[in-house]
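Secondary and tertiary structure notes
Chain by chain, the residues:
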Amino acid sequence: MQMANSLMLCMVVAACLVALAAADWSQGTSTFYGGVDGSGTMGGACGYDNLYNAGYGVLNAALSQTLFNDGASCGQCYLITCDTSRPGGEYCKPGNCITVSATNLCPANYALPNGGWCGPGRPHFDMSQPAWEHIGVFQAGIVPVLYQRVQCSRTGGVRFSFAGSNYFLLVNIQNLGGSGSVGAAWVKGDNTGWIQMSRNWGANWQALAGLVGQGLSFAVTSTGGQYIQFLNVVPAWWQFGMAFSTNQNFVY
């Protein structure tokens, strides 16, 4: 087991070094929250609620306002490594990278100068503690990082989670592969045509329509430009509070 763990660590370090040599990176900073098991990161401004059920797990991050983009970044994936070349880099774990999913907003704190680390114009990741400790030493609390947006690899298909009321449908669209985030969405009932949805907040998309008692289909365009129809994925007996998984997912 020890040999297997050592081999895995060597593979991760090698992959990170290849990525550092081959790709363009941006500078940012990173802190952590949510406890040693990451349980305090559940929920969040994207509306995913239980991050394990939604497909994201504990390797997640809250993004500063600059990166969060009013929720349009929800679900996107970022490859992050600690930057040993900048002040604070002595607290890095050199050569390690981690990929995190965007699941929350790190709000600005205007009690601090310029809104603090998550203030306007600052690219900052408030990562789950388990993810952060992969790249930084706990005692530091904050480290300089290099980051790049990457394609998301997900297990299973896209998931639709329901809220709303009889005349208002609110759907949280989860577990996207590829670009990881939703660019546009439509819903179709058994008795309707396709209805354009609009972003309500985070990863929640809304339709001002009474669709209770109808089977539902969805169409989604990812921010990568891929369009998929999820036909007849929700039965007519659905209720608010339920979630339905599919067997289709995005590759870009």
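Scroll up to find the structure.
This text gives an overview of the structure that appears in the document. Note that this is a predicted model, so its numbers are computed, not measured.

Each value, and the rule that gives it
- Residue numbers restart at each chain and count upward from 1, following the sequence in its written direction.
- The model is predicted, so local features are restricted to residues of pLDDT at least 70 and side-chain atom pairs to those at 80 or more, both for listing and for counting; the totals for chains, interfaces and linings are taken over all residues.
- Only heavy atoms go into the side-chain values, all of them from the structure, while hydrogens and water stay out.
- Buriedness for pockets is judged along seven lines, at least five of which must meet protein on both sides within 12 Å for an open set on the 1 Å grid over protein atoms alone, while cavities are sets there where a 1.4 Å probe fits but cannot get out, and lining residues have an atom within 4 Å of a point.
- Grid points are joined across faces, edges and corners, and a volume is the space filled by probe spheres set on the points.
- In this classification, Asp, Glu, Lys and Arg are treated as charged, Ala, Val, Leu, Ile, Met, Phe, Trp, Tyr, Cys and Pro as nonpolar, and every other residue, Gly included, as polar.
- Only a pair of cysteine sulfur atoms within 2.5 Å qualifies as a disulfide here.
- Only DSSP runs of H or I covering at least 4 residues are called helices, and only runs of E covering at least 2 are called strands; the numbering of each starts at the N terminus.
- Three labels apply to residues, based on accessible area from a 1.4 Å probe with only protein chains included: buried if under 20% of the type maximum, exposed if over 50%, partly exposed otherwise in between.

What the rule picks out here adds up to one cavity of 30 Å³ or more. If you add up the space inside the largest cavity, you get close to 50 Å³. Lining the largest cavity we find Tyr-48, Tyr-56, Gly-71, Ala-72, Cys-74, Ile-173, Leu-176, Gly-180, Ser-181, Val-182, Arg-199 and Ala-203. Class assignment of the residues belonging to the lining of the largest cavity gives a composition of eight nonpolar, three polar and one charged.

Moving on: the state of the cysteines. Applying the stated criterion to the full structure yields four disulfides. Disulfide pairing places Cys-46 opposite Cys-74 at an S-S distance of 2.0 Å. In this structure, the disulfide formed by Cys-46 and Cys-74 twists by about -90° around the S-S bond and is classed as left-handed. Of this pair, Cys-46 sits in the loop between strand S1 (26-33) and strand S2 (60-64) while Cys-74 is found in the loop between helix H2 (65-68) and strand S3 (77-82), placing the two residues 28 residues apart along the sequence. Across the pair, exposure class does not vary: Cys-46 and Cys-74 are buried alike. Each disulfide pairs two cysteine sulfurs, and for Cys-82 the partner residue is Cys-92, the sulfurs being separated by 2.0 Å. Between Cys-82 and Cys-92 the disulfide shows an S-S torsion of about -70°. By sign, it is left-handed. With a gap of ten residues between them, Cys-82 in strand S3 and Cys-92 in the loop between S3 and strand S4 (97-106) connect regions that are remote in the sequence. For Cys-92, a relative accessible area of 7% corresponds to the buried category.

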